[in-house]
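If you want the building blocks of each chain, they are given just below.
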Amino acid sequence: RKEVEQDPGPFNVPEGATVAFNCTYSNSASQSFFWYRQDCRKEPKLLMSVYSSGNEDGRFTAQLNRASQYISLLIRDSKLSDSATYLCVVRMDSSYKLIFGSGTRLLVRP
Amino acid sequence: NAGVTQTPKFRVLKTGQSMTLLCAQDMNHEYMYWYRQDPGMGLRLIHYSVGEGTTAKGEVPDGYNVSRLKKQNFLLGLESAAPSQTSVYFCASNSGYGYTFGSGTRLTVV
């Protein structure tokens, strides 16, 4: 079983739609949680950290459920520029190693 | 500009050849990492370093060696390249507060 699992998609949505991505992680000792965005043939870039209380950054909302070992990302009012692959990421220990999911691809169409 | 620089950006190797990928960071970060990314997969950790003179194995270390002789540089070596090592390689550094990724090295082994 993969340590971090995501639906690969693609999610194909019209501009303005709301879309949600889910992610599960297997190790209950995971310490920190993130969503990264990766554009085609580019390096991953941090989208947002995920906190237990849930957090929002503009059109993006992230939630964490430690009991279910589940992380989510909600994107409201999708823009064409949101088209990318979204990587669910967990950090395990003090060496700050990151464990990446395989990513969920989002396509936003006009 | 401060950041993580990877060289080379592209390389084609023949099976059995050796090469070294260089990662340089100018942010005085303690932690550095080498990941590989294959199609449809997330990033997988090859080796990492928690400080100058230290290295440790990650998830997929076989066929690779690393060195961290200077704090700012983290070298990834392939002693005898194999087609299975065809991939995109990303280097990253971390101060403990956030990751910075290099732009990647696309390696093809024929």
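Higher on the page you've got the structure.
Reading the values: the criteria
Residues numbered from 1 in each chain as written. Chains lettered and ligands numbered in written order. Predicted model: local features only at pLDDT ≥ 70, side-chain atom pairs only at ≥ 80, totals over all residues. Heavy atoms only, no water. Helix = DSSP H or I, 4+ residues; strand = E, 2+ residues; numbered from the N terminus. Buried < 20%, exposed > 50% of the residue type's maximum accessible area, 1.4 Å probe, protein only. Polar contact = N/O pair within 3.5 Å; in protein donor to acceptor, adjacent residues only side chain to side chain. Disulfide = S-S within 2.5 Å.

Our focus in this paragraph is the environment of Ser84 of chain B. Positionally, Ser84 of chain B belongs in the loop between strand E8 (73-78) and strand E9 (87-94). Once the C-alpha coordinates of Ser84 of chain B and Thr108 of chain B are considered, the two residues, 24 residues apart in sequence, prove to be 9.2 Å apart.

All names here are of chain B. With respect to the helices, strands and loops of the structure, Arg36 is situated in strand E4 (residues 31-37). For Arg36, a relative accessible area of 8% puts it in the buried group. Here Asp38 takes part through its side chain, which lies 3.0 Å from a polar atom of the side chain of Arg36. Side-chain polar atoms of Arg36 contact the side chain of Tyr64, separated by 2.9 Å.

With that settled, consider the state of the cysteines. One way to say it: the disulfide is the covalent bond shared by the sulfur atoms of two cysteines. Counted under the stated rule, the structure contains two disulfides over all chains. Each sulfur in the disulfide pair Cys23 of chain A and Cys88 of chain A lies 2.0 Å from the other. Across the S-S bond linking Cys23 of chain A and Cys88 of chain A, the dihedral sits near -75 degrees, which makes this disulfide left-handed. With Cys23 of chain A in strand E3 (residues 19-25) and Cys88 of chain A in strand E9 (residues 84-91), this pair connects stretches of sequence that are 65 residues apart. Each of the two residues, Cys23 of chain A as well as Cys88 of chain A, counts as buried. Across the disulfide from Cys23 of chain B sits Cys91 of chain B; the S-S distance is 1.8 Å.

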